[in-house]
Amino acid sequence: MVGTSAKVCWSSNREQEVETVHRLWPTELLPGELAQVLPTPAHFEQASGLVTREMVADAVTCGDEVEEHVEAVRAYVRAGFDEVHVGQIGPDQEVFFEAYRELVLPVLGR
């Protein structure tokens, strides 16, 4: 079994969630092997300045459009992954779990 991890930010306010990801998890979008070679938290903080909100908006599934979340998971499946772990970036964990349980997973199960 080959697994991977996908990060999303579920909420009804897409712009707010782009900001949340940019603030909490910009290192997700560091280029190349940079995230594997930085030695200290201060270096990560410096390198995070390379990540723009536009980069986050283009790369991380944010918002509450079910089909966008479904497509994000299906892209990993098409790439050959058997298992995709989806993690919510941000504080609304219960809302995320409820939305995935009731809206996203049923579509993926078809």
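Higher on the page you've got the structure.
Because the structure is a prediction, the values reported are computed rather than measured.

J.: Got a minute to help me understand the overall build of the protein in this structure?
T.: Along the backbone of the protein there are 6 helices and 3 strands. Overall, the protein shows an N-to-C arrangement of helices and strands of β-α-α-α-α-β-α-β-α. Taking 13 Å as the expected radius of gyration for a compact globule of 110 residues, we find that the protein reaches 15 Å, a close match to that expectation. With the principal axes as the frame, the protein shows a C-alpha extent of 45 × 35 × 20 Å. Taken across its 110 residues, the protein has 32% of its residues classed as buried. Across the protein, the fraction of contacts at a sequence separation of at least 24, relative to all contacts at a separation of at least 6, is 71%. Taken as two groups, the 8 positive and 19 negative side-chain charges of the protein have centres that lie 3 Å from each other.

J.: Even after reading the chapter, I still don't get the nonpolar core, so can you show me in this structure?
T.: Proteins that are soluble and globular tend to have nonpolar side chains buried together. Grouped together as the largest cluster of nonpolar side chains are 12 residues: C9, V18, V21, L29, L30, L38, A47, V51, V56, V60, C62 and I89. The contacts of V56, once residues within four sequence positions are left out, are V18, V21, H22, L29 and V51. Counting 8 residues, the second-largest nonpolar core is a separate cluster that includes V8, F96, A99 and Y100.

J.: Mind showing me how you'd approach helix α5 (residues 66–78) here?
T.: Structurally, the α-helix is built with 3.6 residues per turn, so residues lying three or four positions apart point the same way. With 13 residues, α5 extends 18 Å from end C-alpha to end C-alpha; this agrees with the ideal 18 Å at 1.5 Å per step. For α5, the set of buried residues is H69, V70, A72 and V73. Projected onto a plane normal to the axis of α5, the buried residues spread over an arc of 155° and lie on a single side. Turning to α5, the residues buried within the fold contact β1 (3–10), β2 (61–63), β3 (83–88) and α6 (93–108). In the stretch just after α5, G80 is the one whose phi turns positive, near 105°.

Conventions adopted
- Residues numbered from 1 in each chain as written.
- Predicted model: local features only at pLDDT ≥ 70, side-chain atom pairs only at ≥ 80, totals over all residues.
- Heavy atoms only, no water.
- Helix = DSSP H or I, 4+ residues; strand = E, 2+ residues; numbered from the N terminus.
- Rg over C-alpha atoms; globule rule 2.2 N^0.38 Å.
- Buried < 20%, exposed > 50% of the residue type's maximum accessible area, 1.4 Å probe, protein only.
- Contact = heavy atoms within 4.5 Å.
- Lys, Arg positive; Asp, Glu negative; His and termini not counted.
- Charge placed at Lys NZ, Arg CZ, Asp CG, Glu CD.
- Core = buried A, V, L, I, M, F, W, Y, C linked by side-chain atoms within 4.5 Å.
- Expected span 1.5 Å × (residues − 1).
- Arc of directions from axis to C-beta.

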